[in-house]
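# Understanding the architecture of this molecule
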2 protein chains.
Amino acid sequence: MDLVHFQESIEAKKSLLCIGLDPVIEKLPVHLKLNTDPFYSFCAEIIESTAAYAIAFKPNFGFFESLGPSGWYTLKKVIDQIPKDCLSIADAKRGDIGNTAAAYAKAVFDSLGADAITLSPYMGKDSVLPFLEYLNKWSFVLSLTSNKGAEDFELQMLDSGMPLYRKVIEKSLEWSRDQKGILGFVAGATRIEQIEEIYRASESSYLLVPGIGAQGGDLDLLLQSVLAKDKKAIITVSRSVIYASQGEDFAEMAQNEAIKLQSAISSLIF
Amino acid sequence: MDLVHFQESIEAKKSLLCIGLDPVIEKLPVHLKLNTDPFYSFCAEIIESTAAYAIAFKPNFGFFESLGPSGWYTLKKVIDQIPKDCLSIADAKRGDIGNTAAAYAKAVFDSLGADAITLSPYMGKDSVLPFLEYLNKWSFVLSLTSNKGAEDFELQMLDSGMPLYRKVIEKSLEWSRDQKGILGFVAGATRIEQIEEIYRASESSYLLVPGIGAQGGDLDLLLQSVLAKDKKAIITVSRSVIYASQGEDFAEMAQNEAIKLQSAISSLIF
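All values derive from a computational prediction rather than experimental measurement.

What counts and how
- Residues numbered from 1 in each chain as written.
- Chains lettered and ligands numbered in written order.
- Predicted model: local features only at pLDDT ≥ 70, side-chain atom pairs only at ≥ 80, totals over all residues.
- Helix = DSSP H or I, 4+ residues; strand = E, 2+ residues; numbered from the N terminus.
- Rg over C-alpha atoms; globule rule 2.2 N^0.38 Å.
- Buried ≥ 20, exposed ≤ 12 C-beta atoms within 10 Å, placed from the backbone.
- Contact = placed C-beta atoms within 7 Å.
- Nonpolar A, V, L, I, M, F, W, Y, C, P; charged D, E, K, R; others polar.
- Least-squares fit on C-alpha atoms with pLDDT ≥ 70 in both.
- Axes fitted to C-alpha atoms, helices over the stretch in contact; angles between N-to-C directions.
- Parallel < 35°, antiparallel > 145°, perpendicular 65-115°, else oblique.
- Left-handed = near helix turned anticlockwise from the far one by under 90°.

### Here we look at the overall build of chain A
A count of helical and extended segments in chain A gives twelve helices and eight strands. Taken against the 2.2 N^0.38 rule, which gives 18 Å for 270 residues, the C-alpha radius of gyration of chain A at 18 Å falls within 12% of a compact globule. Per-residue burial for chain A yields a buried fraction of 57% across its 270 residues. Considering only contacts in chain A between residues 6 or more positions apart, those separated by 24 or more positions represent 72%.

### Points about the interface of chain B and chain A
On the side of chain A, 49 residues touch chain B, which itself brings 49 residues to the contact. Where the side of chain B that touches chain A is concerned, the elements lending two or more residues are helix 3 (61-65), helix 4 (70-81), helix 5 (98-111), helix 6 (125-132) and helix 7 (164-176) of chain B. Among the elements that make up the side of chain B that touches chain A, the one with the highest residue count is helix 5 of chain B (seven residues). Its residues assigned to classes, the side of chain B that touches chain A shows 20 nonpolar, 15 polar and 14 charged.

### What to know about the relation of the copies chain B and chain A
Placing chain B over chain A gives an RMSD of 0.0 Å and needs a rotation angle of 180 degrees, together with 0.0 Å of translation along the axis. Here the transformation between the copies is reduced to the relation of a two-fold axis. Most of the interface of chain B is mirrored in chain A, where 100% of its interface residues again form contacts.

### Comments concerning the packing of helix 6 of chain B against helix 7 of chain B
Residues and elements named next belong to chain B. Two elements in contact, helix 6 and helix 7, have axes whose closest approach is 10 Å; the angle formed by their N-to-C orientations is 45 degrees. Between helix 6 and helix 7, the angle is such that the two are oblique. Seen from above, helix 6 lies across helix 7 with right-handed handedness. Listed contacts from helix 7 to Lys125, Val128, Leu129 and Leu132 of helix 6 are Ser172, Trp175 and Ser176. Of the residues belonging to the contact of helix 6 with helix 7, the class tally is four nonpolar, two polar and one charged.

So, in structure tokens, the structure goes:
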């Protein structure tokens, strides 16, 4: 999806909401567990009931891969189910040397047909560049993530006087010049004190912001930030929407949660 | 595979050779391309012809995933084909927050049945720990990789006076205490000047060492290192073995290359 169509979708839906698809067998509604492909049935119903209020869906590869080889078929079907006016974000956090990175890009953009991917920058330029070469495909590079482990390396100060996550932003921007793809960053909502700094450092790139809800990030605080006002925050919520109910009404309850979130976003930003 | 069995395998085969399985359709022998599953036919023949000289095989997930959903079935069949006296290393470079990391661990260790995985440490402790909780499963954490991009972040100096890749080693060792899994590190053979330092810093952990051959690393230099003498280097060679010939004799020529490498290792180390 190109930038203009994504912006149009944001305006049309008055939303910045991205729904994370993290299916876990123990948490699925009981009546779905006997289906041939419970993860697909679950995700398809969630997508259908919430798509009017969301501008992106983010299937998390780990949960699908935990099914073993059939998981990638499920993933493909789920990605196919995401409406064209929503960004489909492959939350895969890939990162490897050049020729392997190119293979991962082919897997996610060509074979699975996703619009976007999350990338781990540890191995540097050649692990990111092959993704940026795809026209109008999106690469969200991990900068400062929402988890406790972010302190171990991401927040470490370099002797150049800049923390690692800032160096990642600086370098990624450099690599993305003259590329056909769209660069964004992952920045956790639990790091609210750094998120505006990240947004400025990223030269107003789109930020994929997980961490609202189960992980403890505060939506109201996030909505007061410049990146929300600029409509450049892709606010990702997973567990608190998709597991709003584990009963037969799960899709309806997920929709209610999505509506609440979209209303909160819409009333402050649009 | 536990440590004792791996050491026994190294002694029995007088080898430290790991063969990287990086199938690419353009490089496969023509006569295989019409098979139902050319990647499987290719890898199965390579494994069969070289297993007597290797102590590990390392299928690289990117290349299998580039096939789309069927790739994971191929991957499962290839991993099943790796003999029990060889370590099967899932070169997947996963790394995500705790609950997702646990799902990736389940995917690779339980569903695919691999002995080992490569991990990207960017997101810190909770992205690595779930893998270390598996009894006798191996986690090779990226430290200093063989690619050019290693300079971007891995070699950056922290203000604590230590480069990032050393901090990764220090932290990973801390996390692995009292865990049931086995910790190792990935250290590129192109970084020969740092590899003994990495080995010491890792408290003599096994190092998975790619970069010999197509990437320019020097086998003789590596074999003179302490980690080779200690039989703690898992020397990974991919393209120069598996693409030794693209004719019908590819498996035989791969075997010849594997024999050459095993002989070089054996004559200096055993």
